[in-house]
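Residue-level listing of the chains:
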Amino acid sequence: MSALADLAAVFGQLSLLAFGGANAVLPEMQRQVVDVHHWMSARDFAALFALAQAAPGPNMMVVSLVGWRVAGIPGALVATGAVAAPAALLTWLVSGVWYRFRDAPWRKAVQAGLQPVTAGLIMASAALLIRSTAVDLSAAVVVVVAAGLFIFTKLHPLLILAAAAAAGAAGLAG
Amino acid sequence: MSQTRPDPGVFDLFAGFFIVGICGFGGVLPWARRMIVEQRRWLTPAEFTGMLGLCQFLPGGNIMNVTVALGSRFRGVPGAVAALLGLMTAPVAIVIGLGVLYDRYADLPPVRRAFVALSAAAAAYLLANAWKIAAPLRGRPLAIAIAAATFVAIAIVRLPLQLALPGLALASTALLWRFRT
C-alpha cells in the first residue's frame with residue numbers, strides 16, 4: 001500500500017515538470033527511483049528505459065514499467081495514472097481557453113509564432129532519437145533507408161518497421 | 001466548426017486513439033498525425049500543428065496532451081477521458097508483456113539486433129514526420145530561421161526546454177508579427 005502511495009507521489013510530481021514528455025524528467029526520475037526510494041539499480045532502470053523505447057505508445061511508457069517492477073499490475077496502473085492526470089487536467093483547462101479565443105488576433109499571432117518553433121522542436125527530437133539509436137553503421141543505414149521509404153513511398157509505416165525488425169533479427173542490419 | 005467536418009463521438013475518440021496507441025512504435029506523434037489529419041480528418045494540418053504547438057508548451061507527454069485537448073474540444077470531459085484511455089490502454093498492456101518477455105529472452109542475439117533495427121527505423125519515422133510538419137515553412141526564410149534556431153537550441157546546445165521554449169515562442173511571435181506579409 002505504501003509503495004503505491006509512493007509511486008503516486010513520485011510520478012504525480014514529475015507530471016507537471018515533464019515538458020516534452022518523460023525524456024525531460026528522466027534524470028530526476030532516475031534519482032527518485034534509484035537513489036531516493038531504492039526501487040532498483042541504475043542498470044535496471046536503464047534497461048527498463050530501453051525496453052520502453054522499443055514498445056509502442058507515448059514516451060511515458062517507462063513510467064508504467066517502473067510501476068510494474070515496484071508493485072505489479074496495480075503499481076503500473078497507479079504510476080501511469082499519476083503521471084497522466086495532473087498534466088491532463090492542466091491541458092483540459094488551457095486548451096478550452098485556447099479554443100474559445102480561436103478568432104482573437106492575439107491568438108492567431110501566437111499560433112503563427114509557435115508554428116516554426118514546433119517544427120524545429122520535432123526536428124530536434126528526431127535528431128536526438130537518431131543519435132541514440134544509430135549506434136553503428138548498419139543502424140545508420142536503417143535510419144537513412146527507412147526515412148526515404150517513409151517520405152517518398154506510400155508503403156504502410158508498420159510494414160517498413162516490421163521489415164527493419166526482420167532484417168535486424170536476420171543479421172542484415174542492427 | 002464547419003458542417004462538413006467529422007464530429008467524432010466518445011467511442012470514435014477511444015477507437016481512433018486506441019489504434020494510435022497500438023501502432024505507436026518509437027513515439028506516437030507520427031501515428032497520431034496520420035490518424036487525426038490524414039485518415040479521419042478531424043483537424044486540418046494547420047489545426048493539428050497549432051494544437052501540437054500549444055501542447056508542447058504544457059507539461060506531460062505531447063500526444064497525451066493532444067488527446068485531452070482534442071477529446072475535450074469535440075466531446076467535453078468524457079471525450080478527453082475516452083481519448084486518453086484509448087491511447088494508454090494497449091501500450092500499458094503491451095509494455096508489461098514486453099517486460100515479461102524481455103526478462104526471459106533479452107540475451108538472445110537475434111532479439112537484441114531486431115530491437116536495435118526497430119528503434120532505428122522508428123527514429124526515421126519521427127524524422128519523416130518532422131519533414132511533413134515543417135512543410136508549411138517552405139519559401140518563408142524568417143520562419144525557417146526560427147525553426148533552425150529552435151533546433152540548435154534544443155538538439156545541439158541542449159538548453160532545458162522550460163528555459164528555451166518561452167523565449168523562442170515570444171521572439172518568434174514578435175518577429176513574425178513585425179514582419180507579417
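Numbers given to residues run from 1 along each chain, matching the order in which its sequence is written. Chain A is the first chain written and ligand 1 is the first ligand written, with later ones labelled in order. This being a predicted model, a pLDDT of at least 70 is required before a residue's local features are given, and a value of 80 or more before pairs of side-chain atoms are given or counted; all residues contribute to the totals for chains, interfaces and linings.

Bringing helix α1 (residues 2-15) of chain A into the picture now. For the α-helix, the turn length of 3.6 residues means that residues three or four positions removed from each other point alike. Residues and elements named next belong to chain A. Counting from the N terminus, the helices are DSSP H or I runs at least four residues long and the strands are E runs at least two residues long. One less than the residue count of a helix, multiplied by 1.5 Å, gives the span that helix is expected to have. Compared with the 20 Å implied by 1.5 Å per residue over 14 residues, the 20 Å span of α1 between its first and last C-alpha is a close match. Considered for burial, the residues of α1 that qualify are L7, V10, F11, L14 and S15. Buried positions in α1, seen along its axis, are confined to an arc of 135 degrees and lie on one side of it. Away from its buried face by more than 90 degrees, α1 exposes S2 and A5. Whether two residues are in contact depends on their C-beta atoms, placed from the backbone: they are in contact if these lie within 7 Å. Against the buried residues of α1 lie α2 (26-36) and α4 (61-100). Residues are called buried when their C-beta atom has 20 or more other C-beta atoms within 10 Å, exposed when it has 12 or fewer, and partly exposed otherwise; all C-beta atoms are positioned from the backbone. When we speak of the arc, we mean the arc of directions from the helix axis to the C-beta atoms.

Here, a nonpolar core denotes buried Ala, Val, Leu, Ile, Met, Phe, Trp, Tyr and Cys residues that are linked to one another through C-beta atoms within 7 Å. With 125 residues, the main nonpolar core has A:A164, B:A117, B:L118, B:A120 and B:A121 as its most contacted residues. Here this core gets 18 residues from one element, more than from any other, and that element is helix α4 (residues 62-105) of chain B. What fixes the domain bounds is an automatic or database domain assignment. Mapped onto the domain boundaries, this core takes at least three residues apiece from domain 1 (1-121) and domain 2 (134-181) of chain B.

We note that the domain assignment places domain 1 (1-121) and domain 2 (134-181) within chain B. For domain 1 of chain B versus domain 2 of chain B, the separation of C-alpha centres amounts to 26 Å.

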